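Given next are the chains, with one letter for each unit.
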Amino acid sequence: MDEYLLKVAGVERKLPIVRIADNIKIASFVILGDTELVEAAAQELKERIPDADYFITAEAKGIPLVYELSRLCGKKRYFVARKSIKPYMSDPFATEVYSITTQRKQLLCIEKEESDLIKGKRILIVDDVISTGESSRALEALVTRAGGTVVGKAAILAEGKDAVKRDDIIYLGELPLFPIESSDAIQ
Ligand SMILES: O=P(O)(O)OC[C@H]1O[C@H](OP(=O)(O)OP(=O)(O)O)[C@H](O)[C@@H]1O
Ligand SMILES: Nc1ncnc2[nH]cnc12
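Residues numbered from 1 in each chain as written. Chains lettered and ligands numbered in written order. Predicted model: local features only at pLDDT ≥ 70, side-chain atom pairs only at ≥ 80, totals over all residues. Heavy atoms only, no water.

What about the nonpolar core?
Counting 31 residues, the largest nonpolar core has F29, F55, L65, L69, L124, I156 and L157 as its most contacted members. Looking at this core, the elements with two or more residues in it are β1 (3-8), β2 (11-21), α1 (35-46), α2 (63-72), β8 (122-130), β9 (149-159) and β10 (170-175). When residues of this core are assigned to their parent elements, the largest contribution, six residues, is made by α1. For F29, the contacting residues outside a window of four places in its chain are L6, L15, L37, K61, D128, V129, I156, L157 and L175. In terms of nonpolar packing, the next biggest core, distinct from the first, is built from 17 residues, Y54, F79, F93 and V97 among them. (Core = buried A, V, L, I, M, F, W, Y, C linked by side-chain atoms within 4.5 Å. Buried < 20%, exposed > 50% of the residue type's maximum accessible area, 1.4 Å probe, protein only. Helix = DSSP H or I, 4+ residues; strand = E, 2+ residues; numbered from the N terminus. Contact = heavy atoms within 4.5 Å.)

Printed below as a string of structure tokens:
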């Protein structure tokens, strides 16, 4: 299997290059279970993020990062938007999302009690990777609808030429996208 050598936050990882659609491959970046990478990235992001009252991510791969960043910043609470309404949610508050890897419409939802906490607060969006930007846009819509103000969007990696040229996101490293015809990066 082809691999991409990622160097970020002083850590190196060999990422498998996998096909996710007819015309595109990605270098699969999965931070779940990777304590070393999450801790190193959170430490670097901490120095670059604006002041915020709370951090929010979307499940699942953003969760260890938002936890570690919250812990480093001394925050006792963070938010995780779920991608389905769970039976134990008493009063869900939802919006829709479509990410590069998911390729279908999904919900993003938090509890109404969480949206009440977000109201009037400065919120930082945190994710492992920003690619099409759809996930972070959906999180922004959720926060805005809840009455919060998004003060920034931070990720470990920006993926693809559109993401890396954005000046409204904070990120530590870049990840190319790969056309299906060859393993050359398209950026
Ligand atoms: O900028 P985008 O194109 O929206 O892509 C980025 C999103 O895609 C990934 O999540 P994924 O959909 O793979 O879900 P998962 O974390 O639940 O596996 C990643 O964790 C980001 O949340
Ligand atoms: N390169 C990547 N690996 C895993 N999930 C992703 N979501 C968006 N880009 C991704």
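Quick notes on the site of ligand 2
Ligand 2 sits among I26, A27, S28, F29, K61, I100, T101, V129, E159 and L175. Residue F29 places a main-chain N or O atom 2.9 Å away from a nitrogen atom belonging to ligand 2. One of the side-chain nitrogen or oxygen atoms of E159 is found 2.6 Å away from a nitrogen atom of ligand 2. Here ligand 2, which alone exposes 260 Å², has 92% of that area covered by the protein. Spatially, ligand 2 is embedded in the largest pocket. Looking at the shell around ligand 2, its residues break down into six nonpolar, two polar and two charged. (Near = heavy atom within 4 Å. Polar contact = N/O pair within 3.5 Å; in protein donor to acceptor, adjacent residues only side chain to side chain. Areas by Shrake-Rupley, 256 points an atom, 1.4 Å probe, with all protein chains shown as cover. 1 Å grid on protein atoms, 1.4 Å probe; cavity = no way out; pocket = protein on both sides within 12 Å on 5 of 7 lines; lining within 4 Å. Sits in = over half its atoms within 2 Å of the grid points. Nonpolar A, V, L, I, M, F, W, Y, C, P; charged D, E, K, R; others polar.)

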